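# Tertiary structure, described
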Amino acid sequence: MTDTSNWLAACRVEDAVENGGVCVKNGEEQIALFYFKRRNEWFATQNECPHRKQMALSRGMIGSTTDEPKVACPFHKKTFSLHTGECLSGDECAIKTYPVKIDNGIVYIGKSPK
Amino acid sequence: MKKTQIIVIGNGMVGYKFCEKLKSKSESFNLIVFGEECRRAYDRVHLSEYFNGKTAEDLSLSTATWYEEQNITLFLSNPITKIDRDFKMVYAADGLSYSYDYLVFATGSAAFVPTIPGVEKDGVFVYRTIEDLELISEFAKKAKTGAVIGGGLLGLEAAKALIDLGIEQTHIIEFAPRLMPRQIDVAGSEMLKSKLADLGLKIHLNKNTTSIVGDGKIAAMQFSDDTNLEVDMLVISAGIKPRDELAKACGIEVGQRGGILVNEKMQTSDPSVFAIGECALYDGMIYGLIAPGYEMAEVLAANLCEGDKEFTGFDMSTKLKLIGIDVASFGDNFIDEPDCRTIIFENKHKGIYSRINVSNDGQYLLGGILIGDATAYNMLLQTVNNKIVLPENPEELIFGSRSGGESDGAGITSLPDSALICSCEGVSKGDICSAVTDQNCENLDDIKKCTKAGTGCGGCIPMVKDLMVHTFKSQGKYVKNVICEHFNYSRQELFDLIHIHELKSYDEVLNEFGKNDGCEVCKPLVASLLASLWNEMILKKGNDVAQDSNDRFLANIQKGGSYSVVPRVPGGEITPDKLIIIGEVAKKYNLYTKITGGQRIDMFGAHLNDLPIIWEELIAAGFESGHAYGKGLRTVKSCVGSTWCRFGLHDSVSYAIRIEERYRGIRAPHKFKSAVSGCIRECAEAQSKDFGIIATEKGWNLYVCGNGGSKPQHALLLATDLDSETCIKYIDRFLMFYIRTADPLTRTATWLNKMEGGIDYLRNVVINDSLGMAEQWEQEIENLISSYKCEWKEAVENPAIRKRFSHFVNAPEEKDPTIEFVDMRGQKRVAEWKTSNQI
């Protein structure tokens, strides 16, 4: 059983985009959910890119640098670590990251940031 | 043998650097470090990142086990309370005492707090340690307005911290008539001020705070001009005060206004006692920057190991990013006429101010100031420090060269080997070059490990890279232009590999020839190669997630996150009925309309969710995708031509439509544009296009490799008086040659500029078929043309693809509620970027 008070049921596994992102609505909040099919890993971050405050990270390209999984904002290609939320483009801003778990074909996102 | 015992008082950045340097030089010392704070040394330069989610551990300069691994005894939260120099003993707060052979003060500095009545009130802070930041951020939760005393470097950092903490109104109070009085001049300050004001900061210059009022807690600040300002909190960042109290107490000489007196060996008045960093006073000066502190650590470490180094002052040139704004000053920044000649460039629109001071004989650069854009900083600093003779037009140093000749990289060759490239770590040009030649460093990471260059502030990294590439080339090493860390191939190599192996998806290509997960560089590149080779629907086979955002959603993402819709209008010819359809669709979906430079109509402000239904309606009315989002053919512009124009020689519109329909949808390394003019008057501006065609009495002249944009370049004449079929044949070959061989994101003009032999070589390849590829290329492009389909038609008809055009995965009907529009001249426009901590 999944404790629904701390976890948001975001979508079914097959609704997520393989090797890409989708945007999840959590009340007023928007969360970007990423699925690395190749590594079978899931990540969730805030959807807003802190650079120009655009709701866009879920539409960004994901990838890695050395072994660090990352997302590139589609607006100006600022990249962020999906593990820590740290901006990898050398800028002084970071994004919130959330825990993700899969249970019975459903993707759950932690309601409070890591 | 008993080891020499060194005690370091203070565990800040410079104290840590001293330990690191000493340990790397010798193992013959016992090192004991006493720190007053509860943490290991951390990066104080980037302290404000603490508010952007960095933890204290992220800011730490060493790993938790480093001191132990190095055999250094570290005491935290245990300051030294007393020193007995006669017995060479120190007494720590925990009651224990230790003897030393040498004692090093690295006590740093504290915030200087002016004696203003009321500074002790609640809500008044200093900005110095992580603990200060924790207090500030806790208090900021219930504050709406805040002020910072001090418009210098630290003050502006503190103001940024307040903005980051969500203080709605932040004021900066500066006593001097300008901001950053040590670094920049009045005009520079004005420029900085207006940029900071744009970010919502209120700047008050010439303001002297006389008291802080409030009942126990700060309520307002009172100024000497009888004005006051109501604030909920205040951060004082008015300067630093060297921590010399311990030295003073044990009788070591200190300066009148503070600071432990040292000589060029960092030695104090007691030969066994040294001082480094911000607590040290050398030649009447306290050095409040990190680079000179590190240099002092190096000098002392070297001398303790029987080296012979001297500290002889330090260049105070700085480059930093303040709240997203570049600010730099170098050399003699304030020298004025008549002692020099000053060249100033000011662009208020872009917020750029550059000033360079040149010697009266015009030979040398003395110093300068850069605001808004400091890309030239490294080169200018080197020009000052190495007394490089200036070019004839020194203004080119800040404007960039006007002759258009490539001067990039030419600068570094003229530097002497002794030129200091990384001032944080003291690495010279010679060190970096020899890391490449003698120690076989093959990339930036190797060089960083080997020399430490670029590991401090990182400002020198572009120069280190240039030096590396330059050294490779001078060694005759082949510099392979690999795509990124995931593919060890050039674009051209990968093109052939994908072709030969007939790969059709990004994942297949990554599996076969790449590694790890890919990135935002290789994904769109491979996606473009796949499209150029096979011309399959770009969103199929999982290739959608390898596309840039615009390609992925077949529309251009605009400010705010809405998209634009551009149907193809070949040659710019459109019927009244189709115009009406565009008008109706734009009205129905509330879109802003504008005629583009390429003779078509752009509809802006479409929600992601609406794109499929908008396109469904357009397609039903006979429109197709205009590929305004893709790296491929945009438009073929035309003049009205001989059908209407009294000067027209040929029917330029019909020919433009034929060409546009021929090459539509073909993907290339970059976008490309074309135009057809019906006579030499050139109304279609064909000579500014990637390929342009101009009618002559006898046929068509074909021009190639021109472009407008940021670096305009005229197209060059490839062939004259061609008949329509031959002209198209040449364009076919030209395009395939470009698609196969150009570097990623390279327009045809740049591609030609890099081509050895230039236009003559290109002409030989295209017209004389000197590579023997013509037939193959003509066949390849024929395949692309015959497999063309409108990708928007495919997208709206394919449920799996269509499903992706919704903003929320768990609320597919809802549009992004954060997109805001405002009214302008009777249409909508997108709301401005929200002011933020811009990068």
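These numbers come from a predicted model, not from an experiment.

## Looking at the nonpolar core
Residue and element names in this part refer to chain B. In this structure, Phe-487, Leu-494, Tyr-663, Phe-691, Leu-702 and Leu-762 are the most contacted members of the largest nonpolar core, which totals 63 residues. In terms of residue count, the dominant contributor to this core is helix α22 (residues 724-741) (10 residues). Aside from chain neighbours lying at most four places away, what touches Leu-494 is Ile-483, Phe-487, Tyr-489, Val-509, Phe-513, Leu-525, Val-526 and Leu-529. Membership of the second largest hydrophobic core comes to 53 residues, among which are Ile-6, Leu-22, Ala-92 and Tyr-282.

## Describing helix α8 (residues 290-304) of chain B
All names here are of chain B. Under the 1.5 Å per step criterion, the end-to-end length of α8 is 21 Å for 15 residues, consistent within 8% with the ideal 21 Å. Judged by how many residues are buried, α8 sits mostly within the fold: 13 of 15 residues are covered. Two residues or fewer past α8, Glu-306 is found with a positive phi of approximately 65 degrees.

## Structural notes on the pattern of salt bridges
Note that side chains of opposite charge can pair when their charged atoms are close. Applying the stated rule across the entire model yields 49 salt bridges over all chains. A salt bridge links Asp-15 of chain A to Arg-12 of chain A; the shortest N-O distance between them is 3.2 Å. Judged by relative accessible area, Arg-12 of chain A falls into the partly exposed class, the value being 44%. Put simply, Asp-732 of chain B and Arg-662 of chain B hold a salt bridge, and the shortest N to O gap is 2.6 Å.

## Here's the deal with the state of the cysteines
All names here are of chain A. Overall, the coordinates contain zero disulfides over all chains when judged by the stated rule. Here Cys-23 is not cross-linked by a disulfide; its sulfur's nearest cysteine counterpart is in Cys-11, at 11 Å. Judged by its relative accessible area of 1%, Cys-23 falls in the buried class.

## Observations regarding the UniProt feature "binding site: siroheme" (unreviewed entry) in chain B
Sites flagged by UniProt as "binding site: siroheme" (unreviewed entry) map to Cys-683 of chain B. With respect to the secondary-structure elements, Cys-683 of chain B resides in the loop between β34 (672-677) and β35 (691-695).

## Thoughts on the sheet that holds strand β13 (residues 209-213) of chain B
Residues and elements named next belong to chain B. Strands sit in the order β13-β14-β15 across an open sheet of three strands; the sheet is antiparallel. Edge strands, defined here as strands with exactly one partner in the open sheet, are β13 and β15 (228-230). Strand after strand, the sheet turns through a mean of 20 degrees between neighbouring axes, direction not considered. As paired strands, β13 and strand β14 (residues 220-223) are joined by four bridges and run antiparallel to one another. Across the sheet, Thr-209 pairs through a bridge with Phe-223, a residue of β14.

## Considerations on the packing of helix α15 (residues 491-501) of chain B against helix α17 (residues 522-534) of chain B
Residues and elements named next belong to chain B. Axis separation between α15 and α17 bottoms out at 10 Å; the angle between their running directions is 50 degrees. Here α17 runs oblique to α15, going by the angle between their axes. Here α15 runs over α17; the crossing is right-handed. Across the interface between the two elements, Arg-491, Leu-494, Phe-495, Ile-498 and His-499 of α15 pack against Leu-525, Val-526, Ser-528, Leu-529, Leu-530, Ser-532, Leu-533 and Trp-534 of α17. Classifying every residue of the contact of α15 with α17 by side-chain character gives nine nonpolar, three polar and one charged.

## A few points about the environment of Glu-778 of chain B
All names here are of chain B. Positionally, Glu-778 belongs in helix α25 (residues 774-786). Residues Glu-778 and His-627 lie 151 residues apart in sequence; the distance between their C-alpha atoms is 23 Å. Other than its neighbours up to four places away in sequence, Glu-778 contacts Lys-729 and Arg-733. A polar contact of 2.6 Å, which involves the side chain of Glu-778, links it to the side chain of Arg-733.

## A look at the pairing of strand β12 (residues 106-110) of chain A
Residues and elements named next belong to chain A. Taking burial as the measure, the five residues of β12 include four buried ones, the bulk of the element. When strand β1 (residues 7-12) meets β12, the two strands line up antiparallel, connected through five bridges. Its bridge partner lying in β12, Trp-7 is registered against Gly-110. From the end of strand β11 (residues 100-103) to the start of β12, which pair antiparallel, there are two residues, and Asn-104 there has a positive phi angle of about 60 degrees.

## Examining the interface of chain A and chain B
Counting residues at the interface gives 48 residues for chain A, matched by 50 residues for chain B. Together chain A and chain B conceal approximately 4,000 Å² of surface at their shared face, both sides included; 48% is due to carbon and sulfur atoms. The tally of links between chain A and chain B comes to six salt bridges. As a salt-bridge pair, Asp-507 of chain B and Arg-38 of chain A come within 3.6 Å of each other at their nearest N and O atoms. One can count 23 residue pairs in polar contact (both at pLDDT 80 or more) joining chain A with chain B.

## Here we look at helix α13 (residues 444-451) of chain B
An α-helix turns once every 3.6 residues. As a result, residues three or four positions apart point the same way. Residue and element names in this part refer to chain B. Taken as a whole, α13 has its buried residues at Leu-444, Ile-447 and Thr-451. Projected onto a plane normal to the axis of α13, the buried residues spread over an arc of 60 degrees and lie on a single side. Where the residues of α13 are buried, they touch β28 (427-428), α12 (429-437) and α14 (461-474). Just downstream of α13, Lys-452 is the residue with a positive phi angle, here 75 degrees.

Definitions and cut-offs
- Numbering of residues starts from 1 in each chain and follows the order in which that chain's sequence is written.
- Each chain takes a letter, starting from A, and each ligand takes a number, starting from 1, following the order in which they are written.
- For this predicted model, a pLDDT threshold of at least 70 governs which residues receive local features, and a threshold of 80 or more governs which side-chain atom pairs are given and counted, while totals over whole chains, interfaces and linings are taken from all residues.
- With hydrogens and water excluded, all non-hydrogen atoms of the structure serve as input to the side-chain values.
- For our purposes a nonpolar core is just a set of buried Ala, Val, Leu, Ile, Met, Phe, Trp, Tyr and Cys residues, chained together by side-chain atoms within 4.5 Å.
- A 1.4 Å probe rolled over the protein chains alone gives each residue an accessible area, and that area as a share of the maximum for its type sets the label: buried under 20%, exposed over 50%, partly exposed in between.
- The helix count covers DSSP runs of H or I at least four residues long, the strand count covers runs of E at least two residues long, and both are numbered beginning at the N terminus.
- Contact between two residues is taken to exist if any of their heavy atoms lie within 4.5 Å; hydrogens are not considered.
- In a helix, the anticipated span is given by 1.5 Å times the number of residues less one.
- Here, a salt bridge means any side-chain nitrogen of Lys or Arg that lies within 4 Å of a carboxyl oxygen of Asp or Glu.
- Throughout, disulfides are identified as pairs of cysteine sulfur atoms within 2.5 Å of each other.
- UniProt positions are given in the numbering used here, feature names are shortened, and annotations may be inferred rather than shown by experiment.
- Note on pairing: DSSP must find at least two bridges between two strands before they are called paired.
- Orientation is described by lines fitted to C-alpha atoms, with helices fitted over the stretch in contact, and by angles between N-to-C directions that extend from 0 to 180 degrees.
- Geometric relationships in this document are graded by angle, where less than 35 degrees denotes roughly parallel, more than 145 denotes roughly antiparallel, 65 to 115 denotes roughly perpendicular, and other angles denote oblique.
- In this scheme the handedness of a crossing depends on how the near helix is turned from the far one: anticlockwise by less than a right angle means left-handed, clockwise means right-handed.
- Each residue gets one label: Ala, Val, Leu, Ile, Met, Phe, Trp, Tyr, Cys and Pro are nonpolar, Asp, Glu, Lys and Arg are charged, and the others, such as Gly, are polar.
- The definition of a polar contact used here is a pair of N or O atoms within 3.5 Å, where within protein one atom must be able to donate a hydrogen and the other to accept one, and adjacent residues in sequence count solely through side-chain atom pairs.
- For any pair of parts, buried area is found by adding up, for both, the accessible area (1.4 Å probe) each one loses once the two are put together.
- Note that the arc is defined by the directions from the helix axis to the C-beta atoms.

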